[in-house]
Amino acid sequence: MLHPSYTDLMNIANSEVEQGEQPVVNSRYSIVLATAKRARQLIAGSQPLTESESCPKPLSIAIDELSTSAIKINAEDDEAED
């Protein structure tokens, strides 16, 4: 099971959006794309932006980075950026 939940991750990604503006993330698909892209970057040799001792897998690290706001999702093309 994914912890935090997709809903929690969507809320975190949209936390900096002002009321009345278009949310950065509208679906779980955007979360999946962002974390998958970041996981591929980690596999390719990028350094993790957070310490994750519980699970060293790239996807788990990417989810942890998104949940701690170490990475952001770009609203224009739903990609994670450092």
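Criteria and cut-off values
Per chain, residue numbering runs from 1 following the sequence as it is written. Totals for whole chains, interfaces and linings use every residue, but because this is a predicted model, local features are given only for residues with pLDDT of at least 70 and side-chain atom pairs only at 80 or more, for both listing and counting. Heavy atoms throughout the structure, all of them, feed into the side-chain values; hydrogens and water do not. In this analysis, axes come from line fits to C-alpha atoms, helices being fitted only over the stretch in contact, and the angle between any two N-to-C directions falls in the range 0 to 180 degrees. Helical segments are the DSSP runs of H or I of at least four residues, strand segments are the runs of E of at least two, and each set is numbered from the N terminus. Any angle that is under 35 degrees is reported as roughly parallel, and any over 145 degrees as roughly antiparallel; angles of 65 to 115 degrees are reported as roughly perpendicular and all others as oblique. Should any heavy atoms of two residues lie within 4.5 Å, those residues are counted as being in contact. Classification used: nonpolar for Ala, Val, Leu, Ile, Met, Phe, Trp, Tyr, Cys and Pro, charged for Asp, Glu, Lys and Arg, polar for all others including Gly. Helix crossings are classified by the rotation of the near helix relative to the far one: an anticlockwise turn of less than a right angle makes the crossing left-handed, while a clockwise turn makes it right-handed. By definition here, a salt bridge exists when the distance from a side-chain nitrogen of Lys or Arg to a carboxyl oxygen of Asp or Glu is within 4 Å. In this scheme, a residue with accessible area under 20% of its type's maximum is buried, one over 50% is exposed, and one in between is partly exposed, where area comes from a 1.4 Å probe on protein chains only. Summary of the metric used: pLDDT quantifies the predictor's per-residue confidence within the range 0 to 100. Contacts described as polar in this section are N or O atom pairs within 3.5 Å, which, within protein, must combine one atom able to donate a hydrogen with one able to accept it, while residues neighboring in sequence count only if both atoms come from side chains.

1. Brief notes about the packing of helix α1 (residues 6-13) against helix α2 (residues 28-43)
Packing of α1 against α2 brings their axes to within 10 Å, and their N-to-C directions diverge by 80 degrees. By the angle between their directions, the pair α1 and α2 is classed as roughly perpendicular. In this structure, α1 uses Tyr6, Leu9 and Met10 to contact α2, whose residues at the interface are Arg28, Ile31 and Val32. Grouping the constituent residues of the contact of α1 with α2 by class yields five nonpolar, no polar and one charged.

2. Some words on the packing of α2 against helix α3 (residues 58-67)
For any two helices packed against each other, the geometry comes down to the angle between their axes and how far apart the axes lie. In contact at an axis separation of 8 Å, α2 and α3 are set at 120 degrees when each is read in the N-to-C sense. In terms of their interaxial angle, α2 and α3 are classed as oblique. Considering only the axes of α2 and α3, their crossing is right-handed. Where α2 approaches α3, its residues Ile31, Thr35, Ala36, Arg38, Ala39, Leu42 and Ile43 are matched on the opposing element by Pro58, Leu59, Ile61, Ala62, Ile63, Glu65 and Leu66. Residue composition of the contact of α2 with α3, by class: eleven nonpolar, one polar and two charged.

3. Section: the pattern of salt bridges
Enumeration according to the criterion identifies one salt bridge in this entry. Close ionic contact of Glu65 with Arg38 constitutes a salt bridge, the shortest N to O distance being 2.6 Å. Of this pair, Glu65 sits in helix α3 while Arg38 sits in helix α2; the two residues are 27 residues apart in sequence, bridging distant segments of the chain. Grouping residues by exposure puts Glu65 and Arg38 together as buried.

4. Concerning the confidence of the model for the chain
Overall, the predicted model of the chain reaches an average pLDDT of 81, with 85% of residues at or above 70. Segment residues 78-82: pLDDT under 50, and 21 contacts once partners within four positions in sequence are set aside and those in other chains are kept.

5. Points about the side chain of Thr50
For Thr50, the position within the fold is in the loop between α2 and α3. There is a polar contact of 3.0 Å between the side chain of Thr50 and the side chain of Asp64. Excluding its chain neighbours within four sequence positions, the residues that come into contact with Thr50 are Ile61, Asp64, Glu65, Thr68 and Ala70.

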